Structures are given as structure tokens and as C-alpha cells.
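Residue strings, one per chain:
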Amino acid sequence: MFKFPKGLYTDVRIEDVYETKIIYTMGEIEESKERTYKAAFIRIFDGEKWYYNSISNIEDIQAEIALLSQYANPNEHIEENPVVKKFQVNKENLLKFKDGDIKKISIKEKQNLLKEYFPALQEYEFIKHWNAYYVDRKTYKEFYSSKGSSIKFDNQTTGLTIKMKFAKGDKHLAEAFQKSSNNINDIKGKIEEFKSFVSKCYDFLINSKPVEPGNYTVILSPIAAGVFAHESFGHKSEADFMIGDETMKREWAIGKTVGKELLSIVDDGNINGNGYVPYDDEGTRAEKTYLVKNGLLSGRLHSATTAYYLDEDLTGNARAINFEYEPIVRMTTTYIEPGNMTKEELFSEVENGIFIDDIKHGSGMSTFTIAPSLAYYIKNGKIADPVSISVVTGNVMETLNEIDGLSNETEIMSFILGGCGKMEQFPLPVGFGGPFVRVKSLNVQ
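Within any chain, residue numbers begin from 1 and follow the written order of that chain's sequence. Per-residue local features of the predicted model are confined to residues with pLDDT of at least 70, and side-chain atom pairs are confined, for both listing and counting, to 80 or more; whole-chain, interface and lining totals are unaffected and use all residues. The basis for the side-chain values is all heavy atoms of the structure; hydrogens and waters are excluded.

With that settled, the discussion passes to the overall build of the protein. In this description a helix means any DSSP run of H or I spanning at least four residues, a strand means any run of E spanning at least two, and both kinds are numbered starting from the N terminus. Per the secondary structure count, the protein includes 10 helices and 25 strands. For the protein, the C-alpha radius of gyration of 24 Å lies close to 22 Å, the compact-globule estimate for 445 residues. Structurally, the protein occupies a C-alpha span of about 70 × 55 × 35 Å along its principal axes. Only protein chains enter the accessibility calculation, which uses a 1.4 Å probe. A residue is then buried if its area is under 20% of the maximum for its type, exposed if over 50%, and partly exposed in between. Going through the 445 residues of the protein one by one, you find that 55% of them count as buried. Contacts in the protein between residues at least 24 apart in sequence constitute 73% of all its contacts with a sequence separation of at least 6. Roughly 19500 Å² of accessible area belongs to the protein as shown, and the carbon and sulfur atoms make up 46% of that amount. Counted as positive: Lys and Arg. Counted as negative: Asp and Glu. His and the chain ends are not counted at all. Every charge is mapped to an atom, namely NZ of Lys, CZ of Arg, CG of Asp or CD of Glu. Seen as two clouds, the 53 positive and the 65 negative side-chain charges of the protein have centres 2 Å apart. Radius of gyration: over C-alpha atoms. The globule rule applied is 2.2 Å multiplied by the number of residues raised to the 0.38 power. By definition, residues are in contact when any of their heavy atoms lie within 4.5 Å. The accessible surface values rely on the Shrake-Rupley method and a 1.4 Å probe; as for residues, cover is taken only from the protein chains in view.

Laid out in C-alpha cells, this is it:
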């Protein structure tokens, strides 16, 4: 398709993007817009340095290749460069989302999807403020390289979020109802589920009491488990953190025992949702990568450069948030695999503990914090009174070893607002999830 200069490695990433964003505040429309763009990112490597640029006119790609090549020093042995040798050669047309194309649905229909919630929102006097968001994105990507790659694939996500602020007397609560999928039909008809969620929030608002601080057995819901896996473990698995850091390499040695045999953590770009990335932005095919398998540290996430420096296999995790950025090592869909206990069995063995149902946010590297929004005491094996918790904290490695029970179903989630942040690249769409996860001891404040 393109004429690539001799003696240089070159790749071209083209993005054709359609987006919708609709926002209502207290029933009044704040924003309703559609946006499209087609743009490209071009890279050239001479074995010593990378030269790259992003352009918004794809007709100029060939001219940009020629311009960038003038800065580089041609190398007749470029194909033998160890980083270039790592790059895969893939050829595939992988278009999964022709049916249910989000671009063919009118913006009026998308607005009406949100408006269905307005009567319910106006029904509850304890909802003092609310915002309703609808967001979708359809992306068609092409990737070409001087090694011979020729890849085309698409992705589509759609979702809604209802952010609410509850108040009764001097008690306040902020929560959000969220639905996301690759198909808009999957997020329709959720009004009764929404009402049930609001009732749960109201019960929490009026009945929750501050937690008695201390160490508890804690059961994490799939969303809390997924955020824990992503924030506390997934980021440490991104191999660019280890380049030149001998301490990190020793701490993160493959084969090291980091948890009980029941624990396995995976990153996989092949799973539908926000983290669906069948090929990364270097043209590498997505792999199911075990970060932890049966309690042993089993893998890391890589770009071609980090895979070369650590002498490991590619994983398909070189990602950029859009055409303006170079790819760096990022997660796709990161989750904890299920165990062999039912949810009821998992709870039944806890006499006095905490259940974290939903969270505000989580963060961490060597240590982590989770800020719960909805949490409950566990008494004699049953979910009991709602409890207000500021933060749950722990050491990542110690916590992994404290995991002693997993339910037998994993739930994968995607949120349409926000995303993962790293360096200046935010927000990157990712998926995450897990089963219900029981941790023998965590510090709760």
C-alpha cells in the first residue's frame, strides 16, 4: 500500500473514528454531539533512534514517510536489529462489528435511551442532583509495516452512566449506575434494574454507620476485585517499569510464589468490551497472558522493545490512546480467573467481615488503596448492615497471599466514562473483572 524506504523499519497506524457524547443535567440537555476523524501515526526506526509524527490528513502519509526518512540513517542490516526482529508479520481482515453499527443509529434514539430514566430520577426526592451520560465509539484501524504486516480490524463500544447525589438530613452519598457493551441493544431495558440500584443506595444512605477500624476478612465484589487486579497488580506487570530497575526485576522474578495455588490473573485483548484489542499498535496479535498462574508469577506485559530487553515473548500490549501518541506498554482486559466455590459458600465461612460491593476508586503499586462507596458487614456468613468505610489498604504481595477463596464465576466489566491513565496518555479504554474474592485479612479504616 505504501512505499517504504530501504534500510529502515517503518510502520503506519491509521484510525477512522466515530464518537457520540450526550449529557443531560437534571433533565436539561448540556451536550449532544457526534464527531468523526481519520488520522494516522507514522514511525521510522534506523536501529538507533525512532522518528515519528501524527497527521490528520491520511493523504499525506507517503509524503510524511519520505520526510521522516530524511532524518534517519539507513541501515542495510535493519532486519537483523533485535527489536525489529521481534515485530510480528500479520495479515488479517477482522471486522466483527458490521451488525449493529452504532453509526447507523440516530442521535435522537440515543437521547431517548437516556430520557427513559428521567421519570424514575424525578420520582425520588432524596436524589438531589443527577447527570445522565450516553457515550459511544466506533473505531476502524489499519496497520501496515515494512516487514509486511497488513491488518484491518474494528471495535465498537456503547454505554450509559447515571451519576447521582443522594442526601437525607446531614447524610450524603454519590453513586453511579453504569451499563456498557459492544451492542446498544444490551444496554436497553434496564429501568427496573436501575430502580433496584437506587433503592439499595437509599438504604445505604439512611442506614449505614461508620466502620469500627481494624483488620477484617474482606470479600471483594467482581468490580472491586477487577480494580484491585488492574491498579495493584496489572500496572506492576507492565514491563517498561522494569527496564533498568534491578530491584523491580528481583521483586518481580518469573516463577516466584505470590499467592495460593487457587489464584490466577490474566490480561487478554481478545475479550469483547472496552479492552478488546485483537492487535496492538505495533501490529502484535493479542495473547492470553497469565500474569499469575496457580499462585506463581508467570508473565509480564510487553511491547517489542521491552520484550527484547527482558528476552521474553510478545503479548500484544503496546497501546496508544489515539493517533497523536506513540504506543507504550498498557493493559487490555485484566481479570482474576474464577475458583470453585459458590458465592454462598464463600460468604458462609466468614463470621465477622466486610463485603465491598462498589468502589469510588482504587490505586496502588507496591501498596494499594481501595475507597469503597457501598460496603456491608458480614455477620455469621450473611451480608448484614451497611457500613461506611473511608479506605481499605494493604501491601500487594501480602494481599495476594491472603486470598483464600474465589467464587466460581468471573464477571468482566467496562465503563464508558474514564479509563486507565499512564504517563500523559489518559483515558485509555480497558476492561477488568473477577469473581467474588475473599481476602483473609485487610486493614479497614
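This brings us to a nonpolar patch on the surface. Surface patches are defined over residues having more than 30% relative accessible area and no salt bridge, joining like charges when they lie within 9 Å and nonpolar side chains (Val, Leu, Ile, Met, Phe, Trp, Tyr) when within 5 Å. Between Lys or Arg on one side and Asp or Glu on the other, a salt bridge is scored when a side-chain nitrogen of the former is within 4 Å of a carboxyl oxygen of the latter. A contiguous nonpolar patch, built from Ile243, Tyr308 and Tyr309 and spanning about 290 Å² of accessible area, is present on the exposed surface. Note on placement: Ile243 falls in the loop between α6 (222-234) and α7 (246-251). Under the relative-accessibility criterion, Ile243 is labelled partly exposed at 36%.

With respect to the helices and strands, the residue Lys3 is situated in the segment before β1 (9-25). Residue contacts for Lys3: discarding those within four places in its chain leaves Gln62 and Ile65.

Once that is clear, we can look at empty space enclosed by the protein. Definitions used throughout: a 1 Å grid over protein atoms alone; a cavity as a set of points that fits a 1.4 Å probe which cannot get out; a pocket as an open set with protein on both sides within 12 Å along at least five of seven lines; a lining residue as one with an atom within 4 Å of a point. Grid points are joined across faces, edges and corners, and a volume is the space filled by probe spheres set on the points. Applying the stated criterion across every chain yields a total of 1 cavity of 30 Å³ or more. Its boundaries defined by the atoms lining it, the largest cavity holds a volume of some 30 Å³. Arg13, Lys141, Glu142, Phe143, Phe153, Asp280 and Asp281 are the residues that line the largest cavity. Residues are grouped as follows: Ala, Val, Leu, Ile, Met, Phe, Trp, Tyr, Cys and Pro are nonpolar; Asp, Glu, Lys and Arg are charged; every other residue, Gly included, is polar. Residue composition of the lining of the largest cavity, by class: 2 nonpolar, no polar and 5 charged.

On to the layout of surface pockets. Each pocket or cavity is described by its volume, and for the second largest pocket that value is around 960 Å³. What lines the second largest pocket is a set of 37 residues, and nearest its centre among them are Glu19, Arg137, Ile321, Pro427 and Pro429. Listed by contribution, the elements that provide at least two residues to the lining of the second largest pocket are β1, β2 (28-45), β5 (127-145), β6 (150-168) and β23 (425-428). Top contributing element to the lining of the second largest pocket by residue count: β5, with 6 residues. Class assignment for the residues of the lining of the second largest pocket results in 16 nonpolar, 8 polar and 13 charged.

In this section: the pattern of salt bridges. Counted by the stated rule, this structure contains 22 salt bridges. Lys33 is paired through a salt bridge with Glu31; the nearest N and O atoms lie 3.4 Å apart. Put simply, Lys188 and Glu109 hold a salt bridge, and the shortest N to O gap is 3.1 Å. Of this pair, Lys188 sits in the loop between β7 (171-181) and α5 (191-207) while Glu109 is found in helix α3 (residues 107-115), placing the two residues 79 residues apart along the sequence. Judged by relative accessible area, which is 33%, Glu109 ranks as partly exposed. A single network of salt bridges, built from pairs that share partners, joins Arg13, Glu15, Lys141 and Asp281.

A word on the packing of aromatic side chains. In this analysis, rings of Phe, Tyr and Trp, with Trp reduced to its six-membered ring, are considered paired at centre separations within 6.5 Å, and the interplanar angle assigns stacked below 30 degrees, edge-to-face beyond 60, and tilted for intermediate values. The final tally for this structure, using the stated rule, is 29 aromatic pairs. Judged by centre distance (4.5 Å) and plane angle (20 degrees), the ring pair of Phe45 and Trp50 falls under stacked. Looking at Trp50, the relative accessible area reads 26%, which means it is partly exposed. Joined through ring pairs, the aromatic side chains of Phe204, Phe347, Phe355, Tyr376 and Phe436 make up one cluster.

Structurally, the position occupied by Thr139 is in strand β5. By the criterion applied in these results, polar contacts are pairs of N or O atoms within 3.5 Å in which, for protein atoms, one can donate a hydrogen and the other can accept it, and in which residues neighboring in sequence qualify only through two side-chain atoms. Within the structure, Thr139 has its side chain in polar contact with the side chain of Arg137 (distance 3.3 Å). What Thr139 contacts, discounting residues up to four positions off in sequence, is Asp16, Val17, Phe153, Asp154 and Asn155.

With that settled, consider the nonpolar core. In this description, a nonpolar core means a group of buried Ala, Val, Leu, Ile, Met, Phe, Trp, Tyr and Cys residues linked to one another through side-chain atoms lying within 4.5 Å. Core analysis: the largest hydrophobic core is formed by 47 residues, its most contacted members being Leu220, Phe233, Ile265, Ile354 and Leu400. Put simply, the parts of the chain that give this core at least two residues each are β9 (214-220), α6, β11 (288-293), β16 (352-364), β17 (367-379), α10 (396-402), β20 (403-406) and β25 (437-444). The element that contributes the greatest number of residues to this core is α6, accounting for 7 residues. Residues within four places of Leu400 in sequence aside, it is in contact with Phe228, Phe233, Val258, Gly259, Lys260, Leu263 and Ile265. If you look at the next biggest cluster of nonpolar residues, it comprises 42 residues, including Tyr117, Phe118, Phe347 and Val350.

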